[in-house]
Amino acid sequence: MEVLRSIWLFIQDQVLGMKWLNAVIGNGLSAVGLDTSTRWGGSIQFFIYDVIKITVLLCFLIFMISYIQSYFPPERSKKILGRFHGIWANIIAALLGTVTPFCSCSSIPLFIGFTSVGLPLGVTFSFLISSPMVDLGSLVLLMSIFGAKIAIVYVVIGLVIAVVGGTIIEKMHMENHVEEFIRNASSVDIESEELTVKDRLVFAKEQVAETFKKVFPYILIGVGIGAVIHNWIPESWIQAVLGSNNPFGVVLAVLVGVPMYADIFGTIPVAEALLAKGAQLGTILSFMMAVTTLSLPSIIMLRKAVKPKLLWLFIGICFLGIIIVGYLFNVFQYLLM
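Residues numbered from 1 in each chain as written. Predicted model: local features only at pLDDT ≥ 70, side-chain atom pairs only at ≥ 80, totals over all residues. Heavy atoms only, no water.

J.: Tell me about the nonpolar core, and please be specific about residues and values.
T.: Of all hydrophobic cores here, the largest spans 83 residues; its most connected members are F125, F146, M288, L310 and F314. Dropping the residues within four chain positions of it, F314 is found in contact with F125, L128, I129, T293, L294, I299 and L302. Grouped together as the second largest cluster of nonpolar side chains are ten residues, L81, L96, L119 and V123 included. (Core = buried A, V, L, I, M, F, W, Y, C linked by side-chain atoms within 4.5 Å. Buried < 20%, exposed > 50% of the residue type's maximum accessible area, 1.4 Å probe, protein only. Contact = heavy atoms within 4.5 Å.)

J.: I'd like to hear about the side chain of E179, residue by residue, with values.
T.: Looking at where E179 falls in the secondary structure, it is placed in the loop between α9 (148-171) and α10 (180-183). A residue is classified by how much of its surface remains accessible, and E179, at 19% relative accessible area, is buried. Leave out the neighbours within four places in its chain, and E179 touches R303, K304, A305, V306 and K307. (Helix = DSSP H or I, 4+ residues; strand = E, 2+ residues; numbered from the N terminus.)

J.: For the packing of helix α7 (residues 121-133) against α9, give the residues involved together with the corresponding values.
T.: It is the contact of α7 with α9, at a shortest axis distance of 7 Å, that shows an interaxial angle of 155°. Judged on the interaxial angle alone, α9 and α7 are roughly antiparallel. As α7 runs across α9, the sense of the crossing is right-handed. The residues of α9 that touch α7, namely those facing L121, G122, V123, F125, S126, I129, S130 and M133, are Y154, G158, L159, I161, A162, V163, G165, G166, T167, I169 and E170. Among the residues making up the contact of α7 with α9, the classes are represented as eleven nonpolar, seven polar and one charged. (Axes fitted to C-alpha atoms, helices over the stretch in contact; angles between N-to-C directions. Parallel < 35°, antiparallel > 145°, perpendicular 65-115°, else oblique. Left-handed = near helix turned anticlockwise from the far one by under 90°. Nonpolar A, V, L, I, M, F, W, Y, C, P; charged D, E, K, R; others polar.)

J.: Give a description of a nonpolar patch on the surface that names residues and reports values.
T.: A contiguous nonpolar surface patch, about 410 Å² in accessible area, is contributed by I44, F47, I48, I52, V56 and L220. No other element matches the five residues that helix α3 (residues 39-69) contributes to the nonpolar patch. Here I52 is to be found in helix α3. Residue I52 is classed as partly exposed on the basis of its relative accessible area of 34%. (Patch = residues over 30% accessible without salt bridge, like charges linked within 9 Å, V, L, I, M, F, W, Y side chains within 5 Å. Areas by Shrake-Rupley, 256 points an atom, 1.4 Å probe, with all protein chains shown as cover. Salt bridge = Lys/Arg side-chain N within 4 Å of Asp/Glu carboxyl O.)

Distances and angles like these do not, on their own, reveal function.
Encoded structure:
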C-alpha cells in the first residue's frame, strides 16, 4: 500500500504537478544571476513555471478530450439524451457536459441546439451547468494542484449541482420562458458522418489549435494574477479576507468571480496562489466555480436565448449551489487535505 501511495504521489507531484520543472526553471534563473528568493525573482519563476505547466497540460488534455468528444456530436448526443427520462436524463446530460468545450460561452450554442430540437428544458440546463463547471480536464488539473481526493469530490459535487439545478427548472415548467425563435426552430435530423481514427486525430489536433488560441490569453492573465498574489500580497491579507476568520469569504469569492471570464485553466494559477497564501479550500473552489459557470459574457449570451425570469432562476440556482458547496468544503477541508 505504501508503494502505491509513493507511486501516486510521484505522478501527482512530478508528472501532473511538474515540480521538477519548477526546480529546473529556478536553477536556470539563478544561473543568469536572478535571485528567485526576491519578490521579482519569485514572480518571474512562478510565471514561467505555471505558463509552461498549464500549457503542456492544456494541449494534452484538449487533445484527449476532443478525441473522446468526436464520438459525441450534437446529433448523437441528442439521440442519447432522448432515450432517458426523469432524473436519469439529467444525470446523463450532466455527464455529457464533461466531454464538451471548457468555457461557458462555448456550451451555450449546444444548449440552444438541444433546446430547439425539443429536449426537456431541465435536461438541457443540467448540461449547461455541468459543461463549464466540470470536465475531464478540470479533474486532471485539479489533481495536480489539490490532490485526487479533492478533485474527485469537486467533480462529483459539480455534477450534483447540475442534476439538482436541472431538475428544479424542469419541475417549475419554465418552457414558456425560452425565447420563441428557439422554441419554434425546425429540427433537421442529420446523421453524423462516421469518422475514422485518422479523422478523429485530425479533429482533436484542430481543437487543440483552436482552443489554445482562445484560452492562452486568459492563462497569461491568470498566471500573472497568481504571481502577484503569490509574491506581492501579504499572507495576512489573504487570510483576513478569504480565511477562516471571515464567515463571508465564500460569498465574497463568488461575487468577485462572477464578473470575470475565464475557464478552468485560467483560474487554476489564481487558486494555486490563494491556497499557498492560506485561503480556505471551499472559498477558492467557489471562486473557480463562479468564474467558469456564471461569467458575465456567458450570462449575456444566455439572455439572448431565455427570458429574464428563467435567466435569474438559473443564476440563483448556481449562485446558491456554489455558496453551499464552498461552505461544505470549508467545513470538511481538513478531512480532504
